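Structure assessment
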Amino acid sequence: MNDETRTLADLKDALDGDSASAGNAPNEASVSVAEPVIDQFGRSYGTGRRKSSVARVWIKPGKGKMTVNGKLVTDYFARPTLQMHALAPFAIADRLNQYDLMCTVKGGGLSGQAGAVRHGLTRALIAFEPTLRPALKQAGFVTRDSRVVERKKYGRAKARRSFQFSKR
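Criteria and thresholds
Per chain, residues are indexed from 1 in the order of the written sequence. Residue-level local features of this predicted model are given only where pLDDT is at least 70; pairs of side-chain atoms are given and counted only at 80 or more, and the full residue set underlies all totals for whole chains, interfaces and linings. Excluding hydrogens and water, the side-chain figures rest on all heavy atoms present in the structure. Take the buried residues of types Ala, Val, Leu, Ile, Met, Phe, Trp, Tyr and Cys, join any two whose side-chain atoms come within 4.5 Å, and each joined set is a nonpolar core. Categorising residues by exposure relies on relative accessible area from a 1.4 Å probe, with only protein chains included: less than 20% of the type maximum marks a residue as buried, more than 50% marks it as exposed, and the intermediate range marks it as partly exposed. Runs of E in the DSSP output that reach at least two residues are strands. Runs of H or I that reach at least four are helices, and both are numbered from the N terminus. We call two residues contacting when some pair of their heavy atoms lies within 4.5 Å. When a carboxyl oxygen of Asp or Glu lies within 4 Å of a side-chain nitrogen of Lys or Arg, that pair is called a salt bridge. Expected helix span is computed as 1.5 Å times (number of residues minus one). Note on pairing: DSSP must find at least two bridges between two strands before they are called paired. Axis geometry follows a simple rule: fit a line to the C-alpha atoms, using only the stretch in contact for helices, then measure angles between N-to-C directions, giving values from 0 to 180 degrees.

With respect to the nonpolar core
- By size, the foremost hydrophobic cluster in this structure holds 30 residues, and its most contacted members are V57, I59, F77, F90, L101, L121 and L125.
- When residues of this core are traced back to their parent elements, those giving at least two are β2 (53-61), β3 (66-68), α2 (73-76), α3 (80-86), α4 (88-93), β5 (99-106) and α5 (110-128).
- Here the element with the most residues in this core is α5; it accounts for eight residues.
- Setting aside anything within four residues of it in sequence, one finds I59 in contact with G42, R43, S44, F90, Y99, D100, L101, L121, A124, L125 and F128.

Below, the structure is given as structure tokens:
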């Protein structure tokens, strides 16, 4: 064991010596700011998943035209609750009618597809504007909802349901 007594001044001198030898200024911030990820067409991309649905979402600055599988969002998600659920990231980020949205969705039902669009839209918004991540993370949109349907087991009617018991 080393029985030397060290002080904070010794530690400061050691750190100053390391930063001077490395060529870094001691006051230089080492925090990296995420850069926007924008393709050659001015779009950002995000993949969203929910249950067994997968959504591929592209956004670009525009007047608010939103299409899902070639249809308007209001036509594809007929129920207002599904529309609200799918487009919630725009409301949280206060970016409604500032971006054009184009996405393709496969698999699952409408509820899972709306959740997949929401997740993909969140990822695309973060790719386009990284400063929106804290607000979207606070709202819980960044985390993928990992709940999926439980599989059917043998000897059972469904995943957990037993067959009806008969006495005779």
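The discussion continues.
Describing the pattern of salt bridges
- Taken as a whole and judged by the stated rule, the model has six salt bridges.
- With a shortest N-O distance of 3.5 Å, D145 and R50 are connected by a salt bridge. On the criterion of sequence distance, the pair formed by D145 in the segment after α6 (133-139) and R50 in strand β1 (residues 44-50) is long-range, its members being 95 residues apart.
- Notably, a salt bridge pairs E129 with R95, separated by 2.9 Å at the nearest N-O pair. With E129 in the loop between α5 and α6 and R95 in the loop between α4 and β5, this residue pair connects regions lying 34 residues apart in the sequence. Exposure class is identical for E129 and R95. Each is buried.
- Through salt bridges that share partners, R50, D145 and R147 make up one connected network.

Observations concerning unusual backbone geometry
- We note that N69 has phi near 50°; this positive angle belongs to a residue other than glycine.
- Within the secondary structure, N69 sits in the loop between β3 and β4 (71-72).
- The phi angle at N97 is positive, at roughly 65°, despite the residue not being glycine.
- The residue N97 is located in the loop between α4 and β5 in this model.

Observations concerning the side chain of R50
- On the basis of relative accessibility, which here comes to 15%, the residue R50 falls in the buried class.
- Setting aside residues up to four positions removed in sequence, R50 forms contacts with G112, G115, A116, R144, D145 and R147.

Overview of α5
- When the terminal C-alpha atoms of α5 are compared, their 26 Å separation across 19 residues agrees well with the 27 Å that a helix rising 1.5 Å per residue should span.
- Of all 19 residues that make up α5, 15 are buried, and the element is covered over most of its length.

Quick word on the sheet that holds β1
- An order of β1-β2-β5-β3-β4 is seen for the five strands of this open sheet, with the pairing classed as mixed. Looking at strand neighbours, the two that pair on one side only are β1 and β4, the edges of this open sheet.
- With respect to the sheet, α5 is in contact with β1, β2 and β5, its orientation differing from that of β1 by roughly 150°.

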